[in-house]
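One-letter residues, chain by chain:
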Amino acid sequence: MTPGPITTDAAAGVGVDTTDGTMKWELFEENRTLTTRSGQMIVNDGEFGKWNDTDEGRVKCFLTPDEGFGDAIESLVIVLYRLPIIAKRDATTGAWSFKWDDDALYLTSTGLRKGLEQLKVAPLWVGILNSDDEVPRQEREGVADRLLEEFNCVPVFIPHDTLKQFYQGFCKGTLWPLFHMVSSATDHTEHTTRFDDRLWRVYMNVNRMFRDKVVEVYDGDRALIWVHDYHLMLLPQASRSRLSGVKIGFFLHIPWPSSEVYRVLPWRNELLKGMLSATLLGFHLFDYARHFLSACVRLLNLEHEANRGSLGLEYDGRHVMLRVSHIGVDPERFSEGLSAPSLTDRVAEFKERFADCTVLGAVDDLDLIKGIALKLMGFQRYLDSAPKMRGKVVLVQVAIPKAARVKESVRNEIRELVAAINNKHGDGSGRRPVWYLEESISFESRLALYSIMDALVVTPIRDGLNLIPYEYIVSTSEGKGQLILSEFTGCSRALSSAERVNPWDLEKLSNVLDMVVQKAIAAAPEVELKRRADKAYVSAHSSQQWAQSFLHDLKEASEPAQVVVKVGPLAGLPGVLAYDEFTLLNRSAVLRAYKAAKRRLFLFDYDGTLTSITDQSSQMAHAWARPSEAVAANLDTLSKDPLNDVYIMSGRKTEVPEAGLNNSPTIGIAAEHGFFYRKKNSKEWNRLLEDADLSWMELALRIMLMYTDRTDGSYVEQKKAGLVWHYLDADREFGSWQAKEMRDHLESLLSPFSVQVVTGYGRLQVRMAAMNKGVMVETILRDMPEPPDFVLCCGDDRTDEDMFAYLDTHLDPSVKQFTCTVGVKPSHARYYLHSSNEVGALLETLVTGSYPRGVRPRPRGGSVSLADLVPDDEGSSSTPAVPQRTNGPRTSASGQKRRGLASSLPSQ
């Protein structure tokens, strides 16, 4: 039937037509709740017809905390080559003994088990038994029953001869060097390298044996299977052929090589298809995921995707997710070990042996890719250049021999280098500059060594997973903890305090060694500050957190794929552009306008304008960035002129610009884009929006933390009225990629709130929509005793565009206006300068009142600013020509079309 008309009653509510034709009144009630998958939204309309004058927002969101995965995961099967069990057989009685191997799975076994316990998940472990003795056939059933009962482990019994061909032959002999990109076109006999088909068949056979065991123990549709590392790359496909619909996670703990290197493997497609049968693929670094995607594109003609912070592929009618996350260590294990009474004697022994010495240390596998020889060469060069350090610095190098990959040529080269250094630089009293230990080292000995080391030196030429720097950071003592890491090791980007080096550059390595030793001797305060920052990072990114996060993604991976954004192979790479639309700021013209003005207003952004933030800036460098002493002094001088009003327009918290400007009382500050501001000659902080609804921050924070978890090197800066996601330390392409995805994600979820999502250089922020630097400029102009006739406004990112746009549209045309962006890029600003160094030079010009003719000295970086080529007396007018906005290139004052930047340079 046709429904009747809807009627309303202001006193009762809204009339709703029901299916039987009768009317039912929907009353306005308090605290209506909308429950979603990720949380709840509370809508409080209050009493109908009555004004709600409370301070509380009408809509509030909060997220339901995870209840743990125990209820959601009925079972979990973890498959790895070796079980995390140490098995020994008594030679006399033949009895077997078993215990957990805390260093299994690349030193993460303990943390992984703890993480699973926190999730209330008791996994079933599948793998071979780690024992030198082969289990006789008649004892296998008893051993298997005992392992299952005591450790929840299921062994895969494989003959030792087969294991030797599988592990040493194919895994370590073929896959390991190729995936680390150290394989050669010729073998040890100088003949062309050949791939052995027999070893490939052994690899396939062992993966099938693992498949049979997994199928045997798999117990239902709700179970998850988590496969680890390159030994079992065929297992996902083999398992899926028997277990349709199963969710399989696969994590690769070694690098994935460039597609140009990988494609030489005869069985390249088989390995790719084996991995692509997994539901979720994990890699330590975005570089490895990118190489994998490139191999899929080039060899299998697949397209990759980006969706809500996750990478993905469509393969064989399925959606395969990719995850980038670096594994961590278990900090609690190291804390407990350091407090053990038995450690005291060992530490005392090391301290006595290396008394009065700066101790550099390293723990590496005895392997070519670990770069031990390069490290020794760099250390030798350092000692050659610093003879006064003889007897005052020592390198303790532990080289752990691995039977599967120790080459005599590598061993002999290292020993020869150690002997040469000690013979040349020993002091004759028994002290030698290199202590070389070629042996396995116990957990307790590692802790003792870490605790007395002033710095760790790790220089691999290619390294996928190396947790030694993480171990060192959580174990070292106060005042120590410096890191020298090869830029080719996986964790070098995550540990922002590390000195990154190219181990092949021996001169740079020698210089870095000298710098680290000098800091250790001087007990530089920054060493301890950096150690604390890195320790906080390592503690927050533990192996427990890594496991929980991976399993969370695996559990959620069954959701259908949503609309994704196709990403090309060059997406995110910066372009090289030159713009005709901008006029280089002429400092001479600014100085003339400044001298002629009667009331002046200066507006300066903080980061990137007064401080130097570059593509090399780390999280720590960003946190500690502050203007130079010269810039701070010049700003203070300008602000003390009664004709000047100087404001710093910062997105940072209030204390950051205050400290950076030495708490100058005459400089006005707007923090958090103006949410808080302090006027000139005032200590009181005011709020621009007194009744702001900040209930959106909890939801936005949860989203940002999710992306942080998936983007190594990123972090969230929490402010009182906003949030900023920083990704300068992340892989540049991946960080930019993730920022674009997060922006879409946040904008869709936060659409009911009055907020803005704004991107900047290496960061993405969420702020109040009614709060920006343009609004703050309006407030400053309104509060000035008289309107200015000179305005200089400088900024470097998108948040500063609000200032430029407001000034461009609201200032009287007679005002001498200089809006200036730092860097050549599209902007509302009328002028540009190249860098923060040029902003500093401009301030110096205004303070000193003069600008020397000719070209100034080159700034650090080697380039000469075009502004530096302009003489003081250029032009006769005291007012610079204001660029006219057109749809095409701007025109000069003479009406001629401006040339590109390159053509503006003087001819050679």
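Keep in mind the model is a prediction, meaning the values are calculated, not measured.

Trainee: Would you explain the confidence of the model for the protein chain in this entry?
Mentor: When pLDDT is low, close inspection of the predicted coordinates is not appropriate. With 78% of its residues at a pLDDT of 70 or more, the protein chain has an overall mean of 80. Scored below 50 in pLDDT, residues 23-30 makes 32 contacts in the model with residues more than four places away or belonging to other chains. Confidence drops under pLDDT 50 across residues 852-908; counting only partners more than four residues distant or on other chains, this segment forms 85 contacts.

Trainee: How do you make sense of the packing of helix α12 (residues 372-385) against helix α13 (residues 408-425) when you look at a structure like this?
Mentor: The geometry of a pair of packed helices is captured by two quantities: the angle between their axes and the separation between those axes. α13 packs onto α12 with a crossing angle of 15° between their chain directions and a minimal axis gap of 9 Å. The angle between α12 and α13 falls in the class roughly parallel. Read as a crossing pair, α12 and α13 show a hand that is left-handed. Packed against α12, whose contacting residues are I372, A373, L376, M377, Q380, L383 and D384, the element α13 presents E413, I414, L417, V418, A420, I421, K424 and H425 at the interface. Looking at the contact of α12 with α13 residue by residue, the classes come out as 10 nonpolar, 2 polar and 3 charged.

Trainee: For this particular structure, what's the right way to read the pairing of strand β25 (residues 600-605)?
Mentor: A regular strand places its side chains so that they alternate between the two faces of the sheet. With 6 of 6 residues buried, β25 lies mostly within the body of the structure. Here β25 shows two buried faces, one formed by R600, F602 and F604 and the other by L601, L603 and D605. Of the pairings in the sheet, the one linking β25 to strand β26 (residues 644-649) comprises 6 bridges and is parallel in character. Bridge pairing in β26 links F602 to V646. Here β25 runs beside strand β34 (residues 790-795); their pairing, made up of 5 bridges, is parallel. Paired with F602 across the two strands is L792, which belongs to β34.

Trainee: Got a minute to help me understand the packing of helix α4 (residues 160-179) against helix α5 (residues 197-217) in this structure?
Mentor: Where α4 contacts α5, the two axes come as close as 9 Å, and the packing angle between them is 115°. Seen from above, α4 lies across α5 with left-handed handedness. Contacts from T162, Q165, F166, G169, F170, C171 and L175 of α4 reach α5 at L199, W200, V202, Y203, V206 and N207. Residues that form the contact of α4 with α5 fall into these classes: 9 nonpolar, 4 polar and no charged.

Trainee: So what exactly am I meant to see when it comes to the packing of aromatic side chains here?
Mentor: Any pair of aromatic rings gets described here by the distance separating the centres and the angle formed by the planes. Taken as a whole, this structure holds 37 aromatic pairs when the rule is applied. Here the aromatic residues Y81, F166, Y167, F170, F195, W200, Y203 and W267 are joined through ring pairs into a cluster of three or more. Above the ring of Y167, the side-chain terminus of R82 is found at 4.9 Å from the ring centroid. Here the basic side chain of K172 rests over the ring of W176, its NZ or CZ set 3.6 Å away from the ring centre.

Trainee: Can you help me understand unusual backbone geometry in this one?
Mentor: Among all residues save glycine, negative phi is the norm, and among peptide bonds the norm is trans. A positive phi angle is found at D229, which is not glycine, with a value near 80°. The class of D229 is buried, set by a relative accessible area of 2%. Positive phi, normally seen in glycine, also occurs at N662, with a value near 60°. With respect to the secondary-structure elements, N662 resides in the loop between α22 (655-660) and β27 (668-671).

Trainee: Is there a simple way to explain empty space enclosed by the protein in this structure?
Mentor: Rolled over the atoms, a probe with the dimensions of a water molecule shows which regions are left empty. Scanning all chains against the criterion turns up 8 cavities of 30 Å³ or more. Empty space within the largest cavity amounts to approximately 120 Å³. Around the largest cavity, the lining is made up of 17 residues, and of these D607, G651, R652, K719 and R763 lie nearest the centre. Residue assignment for the lining of the largest cavity shows that the elements contributing at least two residues are β31 (722-726) and β33 (763-768). When grouped by side-chain class, the residues that make up the lining of the largest cavity number 2 nonpolar, 7 polar and 8 charged. Mapping the lining of the largest cavity onto the domain boundaries places at least three of its residues in each of domain 3 (583-688 + 771-849) and domain 4 (695-748 + 758-766).

Trainee: Looking at this model, I keep getting lost on the sheet that holds strand β32 (residues 755-760). Mind explaining?
Mentor: The strands that make up a sheet are held in pairs by hydrogen bonds between backbone atoms, and each pair lies either parallel or antiparallel. One open sheet accounts for 4 strands, arranged β30-β31-β33-β32; its pairing is antiparallel. Sheet topology places β30 (715-718) and β32 at the edges, where each strand pairs with a single neighbour. Averaged over all pairs of adjacent strands, the angle between their axes in this sheet comes to 20°, without regard to strand direction. In the sheet, β31 pairs with β33 via 5 bridges, with the strands oriented antiparallel. Paired with V724 across the strands is Q765, a residue of β33. Contacts from helix α23 (residues 697-709) reach β30, β31 and β33 within the one sheet, and its direction differs from that of β31 by about 5°.

Definitions and limits used
Residue positions are counted from 1 within each chain, in the order its sequence is given. Local features in this predicted model are restricted to residues of pLDDT 70 or higher, and side-chain atom pairs are both shown and tallied only at a pLDDT of 80 or more, whereas totals for entire chains, interfaces and linings draw on every residue. Note that water and hydrogens are dropped before the side-chain values are worked out from all heavy atoms of the structure. Per-residue confidence from the predictor is reported as pLDDT, a score between 0 and 100. For this analysis, residues touch if any pair of their heavy atoms sits within 4.5 Å. Between N-to-C directions, angles cover 0 to 180 degrees, with each direction set by a line fitted to C-alpha atoms, over the stretch in contact for helices. By the criteria applied, helices consist of DSSP H or I runs no shorter than four residues and strands consist of E runs no shorter than two, each listed in order from the N terminus. By definition in this entry, angles of less than 35 degrees are roughly parallel, angles greater than 145 are roughly antiparallel, angles of 65 to 115 are roughly perpendicular, and the rest are oblique. Crossing handedness follows the turn of the near helix against the far one: under a right angle anticlockwise gives a left-handed crossing, and clockwise gives a right-handed one. Note on residue categories: nonpolar means Ala, Val, Leu, Ile, Met, Phe, Trp, Tyr, Cys or Pro, charged means Asp, Glu, Lys or Arg, and polar means any other residue, Gly included. With a 1.4 Å probe rolled over the protein chains alone, any residue whose accessible area is under 20% of its type maximum counts as buried; one over 50% counts as exposed, and the rest are partly exposed. The pairing criterion for strands is at least two bridges between them, as found by DSSP. Planes of paired rings set the category: under 30 degrees apart is stacked, over 60 is edge-to-face and the rest tilted, where pairs are Phe, Tyr or Trp rings (Trp by its six-membered ring) whose centres lie within 6.5 Å. Only when the NZ of Lys or the CZ of Arg is both within 6 Å of the ring centre and within 35 degrees of the ring normal is a charge said to sit over the ring. The definitions used throughout rest on a 1 Å grid laid over the protein atoms alone, on which a cavity is an enclosed set of points accommodating a 1.4 Å probe that cannot get out and a pocket is an open set flanked by protein within 12 Å on both sides along at least five of seven lines; lining residues are those having an atom within 4 Å of a point. Grid points are joined across faces, edges and corners, and a volume is the space filled by probe spheres set on the points. The split of the chain into domains comes from an automatic or database domain assignment.

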